[in-house]
Amino acid sequence: MPHLHRSVRPPNVPPSPSYEAFLATTRAAADPLRANILQALKQDAFGVLELARVFDIAQPALSHHLKILSRAGLVATRRDGNGIYYRRAQPRPDCALFDYTCHLYKTLDSFDLDAALCRRIDHVHTERARRSQQFFADHAGEFANQQALICTPQTYLPALRECIDAAGCARKRALDVGPGEGETLCLLAQHFDAVLGIDNSAEMLNRARQNVATSGARNIRLRLSAFETLRGARHDLILLAMVLHHAASPRRFLAHASRLLNQTGVVVVIELITHAQNWAKDACGDVWLGFDPEELDHWAADAGLSAGTSQFLAQRNGFRIQVRTYQKGETP
């Protein structure tokens, strides 16, 4: 009877770091709860208490699973003021497990997340949005003073004008989400046939309405609406000026903007770069303390948008502003 040989690791030869990383990644994702956590973190970053609510699990037990995912390189954290938020870690192209991790994520995302978990995630987003909306309802009269603490529209209006001039989109419809006191609406009205401004705060919309009336522009309409519920006409340009840091889920916000664009439409994002000035949450109602440019690029790419021009503006009070354009390519 022939002797059968099996391939075995030579004695006293330790496994390679890549092999150990492969095993750790596989073991981490193989647990049903941890797989669900990775699915949930595709759409947003969550604090540990938010995740505990979503998965109906005690915080210590959840922290144990997050630690395993973190050690395997599958989740990363970002400090946002006094809070720590967990997000799905993006594999680096130079990582030995890049292809494997990308395939793992793609496979996980092909499965539907449990309906009950989806409802709890939506509830977390609803609570975030409610807190932000309540802030503006209570402080609309103080908006200009609070805005001046961080960045006034006059800081970025010249850069916005340059973005519009360079944008390769049609000039029929523009949408301004959260137009503040209306300065950006008036600028868009000079370049587009029709401009729609929407806000989920009636108090803020009234302030914009006063300035629009003063400007004399006749191609601007205002609507009280939550952006995520907006449907209907496609737009050539969508402006998100200093609104993403108030959004319950910035990633979902960008994805919805992409759905509302025409085939070659452009999203202009004007936002804070990540900072550590936690007072902005209480003073200005900020949900997030800015975003890394690479983070915005990743969300935009997931939404089918290609990065275009970028400008970075410095502020005397320590804040940095990014003015970014993202274009939707023509569908085949």
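In what follows, the structure referred to is the one given above.
A brief report on the enclosed structure follows.

Criteria and thresholds
Residues numbered from 1 in each chain as written. Predicted model: local features only at pLDDT ≥ 70, side-chain atom pairs only at ≥ 80, totals over all residues. Heavy atoms only, no water. Buried < 20%, exposed > 50% of the residue type's maximum accessible area, 1.4 Å probe, protein only. Helix = DSSP H or I, 4+ residues; strand = E, 2+ residues; numbered from the N terminus. Pairing = 2+ DSSP bridges. Right-handed = clockwise from strand over helix to strand, strands pointing away. Axes fitted to C-alpha atoms, helices over the stretch in contact; angles between N-to-C directions. Parallel < 35°, antiparallel > 145°, perpendicular 65-115°, else oblique. Contact = heavy atoms within 4.5 Å. Nonpolar A, V, L, I, M, F, W, Y, C, P; charged D, E, K, R; others polar. Phe/Tyr/Trp six-rings, centres within 6.5 Å; stacked < 30°, edge-to-face > 60°.

## Some words on the pairing of strand S5 (residues 194-199)
Along S5, five of the six residues are buried, which leaves the element largely enclosed by surrounding structure. Looking at chain direction, strand S4 (residues 173-177) and S5 are connected through five bridges and run parallel. When the sheet's bridge partners are listed, Asp176 is paired in S5 with Gly197. With helix H9 (residues 183-189) bridging S4 and the parallel S5, this β-α-β connection has right-handed handedness. By the bridge criterion, five bridges tie S5 to strand S6 (residues 220-224) in an arrangement that is parallel. Bridge pairing links Leu196 to Arg221 in S6. Taken together, S5, helix H10 (residues 202-215) and S6 form a β-α-β motif whose crossover is right-handed.

## A look at the packing of helix H1 (residues 17-30) against helix H2 (residues 32-40)
The contact between H1 and H2 brings their axes to 5 Å, and the two run at 90°. The orientation of H1 relative to H2 falls into the category roughly perpendicular. Taken together, the residues of H2 that come into contact with H1 (itself represented by Arg27, Ala28, Ala29 and Ala30) are Pro32, Arg34, Ala35 and Leu38. Looking at the contact of H1 with H2 residue by residue, the classes come out as six nonpolar, no polar and two charged.

## A look at the packing of aromatic side chains
Enumeration over the complete set of coordinates arrives at six aromatic pairs. Pairing Phe227 with Phe253 gives two aromatic rings, centres 4.5 Å apart and planes at 45°, and the pair type is tilted. Of this pair, Phe227 sits in the loop between S6 and strand S7 (235-241) while Phe253 sits in helix H11 (residues 250-259), placing them 26 residues apart in sequence. Relative accessible area serves as the criterion here: at 6%, Phe253 is assigned to the buried category. Judged by centre distance (5.6 Å) and plane angle (70°), the rings of Phe291 and Trp299 are edge-to-face.

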